[in-house]
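# Coordinate analysis (summary)
Next come the chains, spelled out residue by residue.
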Amino acid sequence: MLVANKVSKSFGNLKVLDEVSLHVKPQEVVVLVGSSGSGKSTMLRCFNFLETIDEGVISIDGKVINTTKDSLPKIREQVGMVFQHFNLFPHKTVLENIIEAPIVVKKIDEQVAKEEALILLDKVGLREKADVYPNKLSGGQKQRVAIARSLAMKPKVLLFDEPTSALDPELVNEVLQVIKELAKEGMTMAIVTHEMNFARDVADRVLMLHKGKIIEEAPSEEFFSNPKNERTKQFLQLVAL
Ligand code: ADP
Ligand code: MG
């Protein structure tokens, strides 16, 4: 569904991604871990074409993406992204936040968009908040709205960049629960997280990024119970503290 082949990316002299290759199969959940600055966000941003890549190839659902020829909004419809900070429009209600892109980008009929948005709000447990403004929501609720907003575009792949890092600890679980439900329903996802119990639970495969390279990749259970790379071992010990 999402394939990166030897993707490299530098900012000036700093090589942030160094020939990164990754295959995310349909309905697969891949978790990316690694210390701060290892290139995780840049990697996701490249998959969503918020960054241009220097070398390599990215394809989505079997189609190689050519950023000079293909329409970026069309590509981004296929690859949803949920950020650490929810980026909801403050002057729009929850419902208006969700229907904005389907109406503007996909030209969906407003009534249809609203009906679909309410179904998504049900899914994330926030139907009663449809007409509320974001400043009346907790961080966990905002993030669940942001997830519903991404789903409204019916993406083929959903990317999460530390979706719970900005939340108070007691609000983390409600967001992780929603992501777990999506996994059960077969949503294809790539997730950057520091929540290791969640990662172990939700991931089919886990990848460890270090200085822009994937240094270890294994099925979830094996990754956590029997890491092979010294850096991975160190990392897992540190995050477990
Ligand atoms: P992570 O998400 O793993 O913490 P990032 O992908 O955000 O790592 O960053 C990787 C490295 O690239 C860091 O050293 C960061 O400072 C650098 N970097 C990220 N974005 C930019 C940018 N737009 N310009 C320059 N350097 C950047
Ligand atoms: Mg990051």
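Nothing here was measured: the structure is a model prediction, and the numbers come from that model. (Residues numbered from 1 in each chain as written. Chains lettered and ligands numbered in written order. Predicted model: local features only at pLDDT ≥ 70, side-chain atom pairs only at ≥ 80, totals over all residues. Heavy atoms only, no water.)

## Some words on the sheet that holds strand β2 (residues 14-24)
Taken together, 4 strands build an open sheet; the order of strands is β2-β1-β4-β5 and the sheet is antiparallel. The sheet is open, and its two edges are formed by β2 and β5 (63-64), each paired on a single side. Sheet topology places strand β4 (residues 55-60) next to β5; 2 bridges connect them, and they run antiparallel. Looking at the pairing, I60 lines up with K63 of β5. Relative to the sheet, helix α1 (residues 40-47) contacts β1 (2-11), β2 and β4, its axis offset from that of β2 by approximately 60°. (Pairing = 2+ DSSP bridges. Helix = DSSP H or I, 4+ residues; strand = E, 2+ residues; numbered from the N terminus. Contact = heavy atoms within 4.5 Å. Axes fitted to C-alpha atoms, helices over the stretch in contact; angles between N-to-C directions.)

## Points about empty space enclosed by the protein
Evaluation of the coordinates by the stated rule reveals 1 cavity of 30 Å³ or more. In this structure, the largest cavity spans a volume of roughly 40 Å³. Forming the boundary of the largest cavity are I98, I99, P102, A113, E116, A117, L120 and A152. At the level of secondary structure, the elements contributing two or more residues to the lining of the largest cavity comprise α3 (94-104) and α4 (110-123). When residues in the lining of the largest cavity are grouped by element, the largest group, 4 residues, is from α4. When grouped by side-chain class, the residues that make up the lining of the largest cavity number 7 nonpolar, no polar and 1 charged. (1 Å grid on protein atoms, 1.4 Å probe; cavity = no way out; pocket = protein on both sides within 12 Å on 5 of 7 lines; lining within 4 Å. Points joined across faces, edges and corners; volume = space filled by probe spheres on them. Nonpolar A, V, L, I, M, F, W, Y, C, P; charged D, E, K, R; others polar.)

## Quick notes on the pairing of strand β8 (residues 189-192)
Of the two faces of β8, the one lined by M189 and I191 and the one lined by A190 and V192 are each fully buried. Here 4 bridges tie strand β7 (residues 157-161) to β8, and the two strands are oriented parallel to one another. Bridging from a neighbouring strand, L159 pairs with A190 of β8. After leaving β7, the chain enters helix α6 (residues 169-184) and then returns to the sheet as β8, a path that is right-handed. (Buried < 20%, exposed > 50% of the residue type's maximum accessible area, 1.4 Å probe, protein only. Right-handed = clockwise from strand over helix to strand, strands pointing away.)

## Some remarks on the packing of aromatic side chains
All told, the structure shown has 1 aromatic pair when counted by the stated rule. Taken together, a centroid distance of 5.2 Å and an interplanar angle of 75° make the contact between F223 and F224 edge-to-face. Across this residue pair, the class does not change: F223 and F224 are buried. The cationic tip of R149 hangs over the ring face of F89; the distance from NZ or CZ to the ring centre is 6.0 Å. (Phe/Tyr/Trp six-rings, centres within 6.5 Å; stacked < 30°, edge-to-face > 60°. Lys NZ or Arg CZ within 6 Å of the ring centre and 35° of its normal.)

## Some remarks on the packing of α3 against α4
For the pair α3 and α4, interaxial distance at closest approach is 9 Å and the crossing angle is 125°. Here α3 lies oblique to α4, going by the angle between them. Both α3 and α4 take part in a crossing whose hand is right-handed. Judged by residue contacts, V94, L95, I98, I99 and I103 of α3 engage E110, A113, K114, A117, L118 and L121 from α4. Split by residue class, the contact of α3 with α4 holds 9 nonpolar, no polar and 2 charged. (Parallel < 35°, antiparallel > 145°, perpendicular 65-115°, else oblique. Left-handed = near helix turned anticlockwise from the far one by under 90°.)

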